[in-house]
Amino acid sequence: MPNARAVVRTAIAIWLMALALTALPARADPNDIAAASRSVVRVLIFPVDESETVPISHGTGVVVAPGVILTNNHVINEDEFDQPVRYVIVPAEGSETYPADIIDRSPRNDLALLKTRDKARMASAGFFIGPVADGLDVFAIGYPGGVEVAQG
């Protein structure tokens, strides 16, 4: 029986192959953008000390399968912090938070996968798997560094 890591790697490999094989023009309407934004989550990094309620860092992730979040390796890289850390996922919609663990990472590609410990009810992303024509608008949805400062 394959382990969870193997299943996730296989799913990502299939998704990447489908991405390479499809050649449809991209067209995003506001409903598509709204749907995509529901799968975007915030990745908060806290010290392991459970009494600490202020994150020491944060980043963005996207739900790619139930309870599985794709993020950047630099977001969750323990070497960036001078103490042990824990990860908490905050969905785009809702007020619940979910503790998560690293299940895989690729520092060379700056990618990482997190898995929530609890049954998280979060919308998984739908991915357009074709090329984007020149001149079309591109949207990035996330929580860039300093978002709290930008929002006051």
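Keep in mind it's a predicted model, so treat the numbers as computed, not measured.

*Asks:* I keep staring at the nonpolar core and nothing clicks. Help me out?
*Replies:* Generally speaking, soluble globular proteins have nonpolar side chains that are buried together. Core analysis: the largest hydrophobic core is formed by 17 residues, its most contacted members being V43, I45, I69, I76, I89, L114 and M122. Counting residues per element, the ones that place at least two in this core are β1 (40–47), α3 (73–76), β4 (85–90), β5 (98–106) and β6 (111–116). Filtering out sequence-adjacent residues up to four positions away, I76 remains in contact with V43, T71, Y87, I102, R105, A112 and L114.

*Asks:* Whenever I open this one, the pattern of salt bridges confuses me. Can you help?
*Replies:* Tallying each qualifying case throughout the model produces two salt bridges. Among the salt bridges present, the one from R117 reaches D101, with a minimum N-O distance of 3.0 Å. One end of the pair, R117, is in the loop between β6 and α4 (147–150); the other, D101, is in strand β5, with 16 residues separating them in the sequence.

*Asks:* Would you take a moment to explain the pairing of strand β2 (residues 57–65) for this structure?
*Replies:* Working note: regular strand, side chains alternate between the two faces of the sheet. For β1 and β2, the ladder comprises six bridges, and the chain directions are antiparallel. Across the sheet, residue I45 finds its bridge partner in β2, namely S57. Pairing analysis gives four bridges linking β2 to strand β3 (residues 68–71), with the strands arranged antiparallel. The residue of β3 that forms the bridge with A65 is V68. Counting the residues that bridge the hairpin from β2 to β3 gives two residues, and of these G67 lies at a positive phi of roughly 75°.

*Asks:* Looking at this structure, how should I read a nonpolar patch on the surface?
*Replies:* Side chains of F128, V132, L136 and V138 sit close together on the surface and give an oily, nonpolar patch of about 360 Å² of accessible area. Summarising the element assignment, V138 is placed in the loop between β6 and α4.

*Asks:* Can you walk me through unusual backbone geometry in this structure?
*Replies:* The phi angle of most residues is negative, glycine excepted, and most peptide bonds adopt the trans form. Positive phi, close to 55°, is recorded for D110, a residue that is not glycine. Checked against the element boundaries, D110 lands in the loop between β5 and β6.

*Asks:* When you look at the pairing of β3 in this model, what are you seeing that I'm missing?
*Replies:* In the sheet, β3 pairs with β6 via four bridges, with the strands oriented antiparallel. Its bridge partner lying in β6, I69 is registered against L114.

Reading the values: the criteria
- Residues numbered from 1 in each chain as written.
- Predicted model: local features only at pLDDT ≥ 70, side-chain atom pairs only at ≥ 80, totals over all residues.
- Heavy atoms only, no water.
- Core = buried A, V, L, I, M, F, W, Y, C linked by side-chain atoms within 4.5 Å.
- Buried < 20%, exposed > 50% of the residue type's maximum accessible area, 1.4 Å probe, protein only.
- Helix = DSSP H or I, 4+ residues; strand = E, 2+ residues; numbered from the N terminus.
- Contact = heavy atoms within 4.5 Å.
- Salt bridge = Lys/Arg side-chain N within 4 Å of Asp/Glu carboxyl O.
- Pairing = 2+ DSSP bridges.
- Patch = residues over 30% accessible without salt bridge, like charges linked within 9 Å, V, L, I, M, F, W, Y side chains within 5 Å.
- Areas by Shrake-Rupley, 256 points an atom, 1.4 Å probe, with all protein chains shown as cover.

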